[in-house]
Each structure stands twice: as C-alpha cells, then as structure tokens.
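Coordinate inspection notes
So the chains spell out like this:
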Amino acid sequence: KEAMMVEEFHIKEVEQVEIVSLSDNYNDLVSMDSNEIVTRALPVKDLQVRGSILAEHGFSALVRTVAEEGSHELLFDFGLSPVAVPYNVEQMGIDLSNVEAAVLSHGHMDHFGALIPTLEGLTRKPIPLYVHPSAFKENRYLKVGEVRVKFPPADRAAWEKAGARIIESTGPALLAGDTVLFLGEVERLTDFEKGMPNAYCETGGEECWDPIEEDTAIVMNLRGKGLVVLSGCAHSGIVNTVSYARKATGVERVHVIMGGFHLTGPAFEPIIARTIEGLRAFNPDYVVPTHCTGRRAVMAFEEAMPERFILNMAGTRLTFRA
C-alpha cells in the first residue's frame, strides 16, 4: 500500500463544535445521563411526553461550528428512511434555516434515505452537497451466499431537483468558512482494515469487489484541544481515517473520534481489539461509536476506555468546547 500525496489544508480553529445526531441506531428516552457535553433528547411538550425520537439503522447529524467570526451549520448524512430525520428534526424543534452546506459520507442508502425531504425543507437553496464521485456507482450489492442484496443507487437528478448543488471531490475540501474539512478519499495503510468483503458492484457488465473508495469523514479543529473527526461508516477504516485527518490538516492532537466504525458482524468482530489499540494510540479525549459500530464493539470500547467513552443515541446533542 502506497501513501497518498496530499496538500496540507489549513483548517481554522473553532471555539465550539456541536453535533446533533438526527438519526442513529439506538435511543433510550429515560437514560437521564445528560452532562456538560451530552444532552439527551426529551420529546416533552406542554409537560407531556408526545411522540418519541426515532432510531433506525442509519446515521445523520447536524454539525455546528462556532468561531470568533461567527457560526456555521451543515448536515452530515441523512439516515436510512425518508421518515426518521425529518420527524426527529420536528420533534426536537430544530431549526435548519442556517444550514449552509451538506456532506454525504458515501453512496449507501442508510446515509442518503432522507436526503430529498430534508433538502426540500431547507430555506437556503441550492445547497452545496459535497460528495466523492464514486458515491454515484450503480449496480451495487452485497453477496450473501448466492443471493445478491441490491443497494438503491444514489439519484443525482432527484437530489438536484430537491435543491442540491452537487460538488464532487476526490480530495479534501474546506467548507463552512474553512472550519470544516471534507476529507475526500481516505488513504488506506493499515493491514487489518480491509473494507467490506461481501460488497460488490458491476462495472462494464463484470462483477468486481467494491472497495467503497468514496467513504469519507469531516474534520474540525477545536482550539487548544485538537481534531474532532466524524465518520459515516469508516469503510476505509476508522484508524486510517483519523491518520489521514491528521495528515491532511497537519494537526496531530485528536480530541474526539466519532462515527460509525463498521465493526459489526462476524467479518469485522475479529478486528475490534486491533481497532481499539489503533484508536488508543491517537490518545483521544473522547471516543463516540455510532451507527454500524456494532453492539460487541461498542461494549468493548466502553470497557477499554471507560473515561473517554460516550454512548451516542438518536437525538443526542454533543457539545465540545475550547
């Protein structure tokens, strides 16, 4: 494996990073464990519990950065169904009128399910949507024995009609007033993060393994504390992703590693220990596994890093301050 040449991007330091999970795989409305960083969603209106916060196999987040010159808001991924993200936004009373950009981590349906209704509800349009061009691959599927489980393709025309101005980038790109870095294609150097073994696509009528090379993350730089890295599924490997974030920004210190780490199921559980070892080497202040990390992996992270571990839920607001 060869190292990628990448220009070092100067990402502005920010005073605060706020991440609201509009969709995630888990929710517990009576956890009552909010603190100075974690705020759990309580759908209470007029002193009555009305509705809930929907959890599903997917991820979506509203990300807000606060710098000296002002704040910026963007959307990162859009969950699996067309229902959960808009419903949770309404239940939580979230105002999306200041959203100025959107990012799609990769072209799988559990990350763009509510993209169209969410974009249609935004006031600022067209909205820049940053995405790697490989997200638009067609004929993607999982092989389960002899069965093909097909992925719905990303629909460029429908997304543009809903209000997206699609910006394709294979490499890093600064957005949100240079306070957020879209990583683009992640350098893959570890010997144990090998992608999804049963992911395939058809190219020119020929079946080939799908490396999901578009898989990416976004990065923020919290003043005095270091990088906040937010991944979608980390199909390129979460250790690879954080390493590449440090390389692309020139910032060594890591404050938060958050996102789907894709360690669920028999193909990935054997590398849980090595992934934990790899992330501990970065010495992050917080580790926040979400979405596709998997139950066993989440429990292993909590056991290995009890003081650094944060349990995420659908509706959770995380606030990291300088």
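Residues numbered from 1 in each chain as written. Predicted model: local features only at pLDDT ≥ 70, side-chain atom pairs only at ≥ 80, totals over all residues. Heavy atoms only, no water.

Observations regarding the overall build of the protein chain
Our working definition: Runs of H or I in DSSP of at least four residues are treated as helices and runs of E of at least two as strands, each being numbered from the N terminus. Based on C-alpha atoms, the radius of gyration is set beside the globule rule, defined as 2.2 Å times the residue count to the power 0.38. Here's how the labels work: a residue is buried when its accessible area is under 20% of the maximum for its type, exposed when over 50%, partly exposed in between, all with a 1.4 Å probe on protein chains only. Contacts: residue pairs with any heavy atoms within 4.5 Å of one another. Here the accessible surface of atoms and residues is derived via Shrake-Rupley with a 1.4 Å probe, and residues count as covered only by protein chains that are part of the display.
For the protein chain, the helix and strand inventory stands at 7 helices and 21 strands. For the protein chain, the C-alpha radius of gyration of 18 Å lies close to 20 Å, the compact-globule estimate for 322 residues. Principal axes of the C-alpha set define a box for the protein chain whose edges measure 60 × 45 × 40 Å. Every one of the 322 residues in the protein chain was classed for burial, and the buried ones make up 55%. Residue pairs at least 24 apart in sequence account for 78% of intrachain contacts in the protein chain once pairs closer than 6 positions are excluded. Taken as a whole, the protein chain presents about 13,800 Å² of accessible surface, with 50% of it coming from carbon and sulfur.

Focus: the pattern of salt bridges
In plain terms, the rule: Within this document, salt bridges are pairs made up of a side-chain nitrogen of Lys or Arg and a carboxyl oxygen of Asp or Glu, the two lying within 4 Å of each other.
A full pass over the atoms with the stated rule returns 17 salt bridges. Between R64 and E73 there is a salt bridge, with its nearest N and O atoms 3.5 Å apart. A salt bridge links R148 to E207; the nearest nitrogen and oxygen atoms lie 3.2 Å apart. Of the two residues, R148 is situated in strand β11 (residues 147–150) and E207 in strand β16 (residues 206–209); the sequence distance between them amounts to 59 residues. Owing to a relative accessible area of 41%, R148 belongs among the partly exposed residues under this scheme. Classification of E207 as partly exposed rests on a relative accessible area of 35%. Members of the salt-bridge network, linked through shared partners, are K137, R140, D210, E213 and E214.

Remarks on the packing of helix α6 (residues 272–281) against helix α7 (residues 295–304)
Just so we agree on the cut-off: Each axis is a line fitted through C-alpha atoms, taken for helices only over the stretch in contact, and angles between the N-to-C directions span 0 to 180 degrees. For classification purposes, angles smaller than 35 degrees are called roughly parallel, those larger than 145 roughly antiparallel, those between 65 and 115 roughly perpendicular, and all remaining angles oblique. Crossing chirality is assigned from the near helix's rotation relative to the far helix, an anticlockwise turn below a right angle marking it left-handed and a clockwise turn marking it right-handed. Only Asp, Glu, Lys and Arg are considered charged, only Ala, Val, Leu, Ile, Met, Phe, Trp, Tyr, Cys and Pro nonpolar, and every remaining residue, Gly among them, polar.
Relative orientation of the contacting elements α6 and α7 amounts to 45°, with a least axis distance of 10 Å. One way to sum up the angle between α6 and α7 is to call them oblique. Relative to α7, α6 is oriented so that their crossing is right-handed. Listed contacts from α7 to I272, T275, I276, L279 and R280 of α6 are R296, A297, A300, F301 and A304. When the residues that make up the contact of α6 with α7 are grouped by side-chain class, the tally is 7 nonpolar, 1 polar and 2 charged.

Thoughts on the sheet that holds strand β2 (residues 16–23)
Spelled out, the test is: Here a strand pair is declared whenever DSSP counts at least two bridges between the two strands.
In spatial order, the strands read β3-β21-β2-β6-β7-β8-β9-β12; together these 8 strands make up an open sheet with mixed pairing. Each end of this open sheet is capped by a strand with a single partner; those strands are β3 (38–39) and β12 (164–168). The sheet contact formed by β2 and strand β21 (residues 317–321) spans 5 bridges and is antiparallel. By the bridge assignment, Q16 is partnered in β21 with R321.

Looking at the side chain of H111
Among the secondary structure elements, H111 is positioned in helix α2 (residues 109–112). A relative accessible area of 0% means that H111 is categorised as buried. Other than its neighbours up to four places away in sequence, H111 contacts F59, D77, F78, G79, L104, S105, H106, G232, C233 and H291.

Observations concerning the sheet that holds strand β10 (residues 140–144)
The strands that make up a sheet are held in pairs by hydrogen bonds between backbone atoms, and each pair lies either parallel or antiparallel. Spatial ordering of the open sheet is given by β11-β10-β15-β16, a layout of 4 strands whose pairing is antiparallel. The sheet is open, and its two edges are formed by β11 and β16, each paired on a single side. Within the sheet, the average angular offset between the axes of one strand and its neighbour, ignoring direction, is 40°. Sheet topology note: the β10/strand β15 (residues 199–203) ladder contains 3 bridges and is antiparallel. Directly across from Y141, in β15, lies its bridge partner Y200.

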